[in-house]
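# Structure assessment
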Amino acid sequence: MKAESIKIDTEYIRLQDLLKLSGLAATGGMAKLVIQNGEVKVNGEVCMMRGKKLRAGDTAAYDGVTVTVTS
């Protein structure tokens, strides 16, 4: 499994924006579909809320890649 990190300068980042920023989803529409299909895990649990707020220390996993949010 590949791992990477995304540094944010704000309090949080929404899940769909994290997927786009990390390159795991090419568009917002693609991010919406993979989240609604239950293909994305946040902190080890399936998350189907595309507006889920991720803060420093949270992780999101999709398609064999885990992205960690850092501040």
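The sections below set out a description of the structure shown in this document. Not measured: the values here are computed from a predicted model.

About the criteria used
- Residues numbered from 1 in each chain as written.
- Predicted model: local features only at pLDDT ≥ 70, side-chain atom pairs only at ≥ 80, totals over all residues.
- Heavy atoms only, no water.
- Axes fitted to C-alpha atoms, helices over the stretch in contact; angles between N-to-C directions.
- Helix = DSSP H or I, 4+ residues; strand = E, 2+ residues; numbered from the N terminus.
- Parallel < 35°, antiparallel > 145°, perpendicular 65-115°, else oblique.
- Left-handed = near helix turned anticlockwise from the far one by under 90°.
- Contact = heavy atoms within 4.5 Å.
- Nonpolar A, V, L, I, M, F, W, Y, C, P; charged D, E, K, R; others polar.

## So, the packing of helix α1 (residues 15-22) against helix α2 (residues 28-36)
Two elements in contact, α1 and α2, have axes separated by 9 Å at closest approach and are oriented at 120°. Between α1 and α2, the crossing angle belongs to the class labelled oblique. The element α1 and its partner α2 pack so that their crossing is right-handed. Seen from α1, the contacting residues are Leu-15, Gln-16, Leu-19 and Lys-20; seen from α2, they are Gly-28, Ala-31, Val-34 and Ile-35. Here the contact of α1 with α2 is composed, by residue class, of 5 nonpolar, 2 polar and 1 charged.

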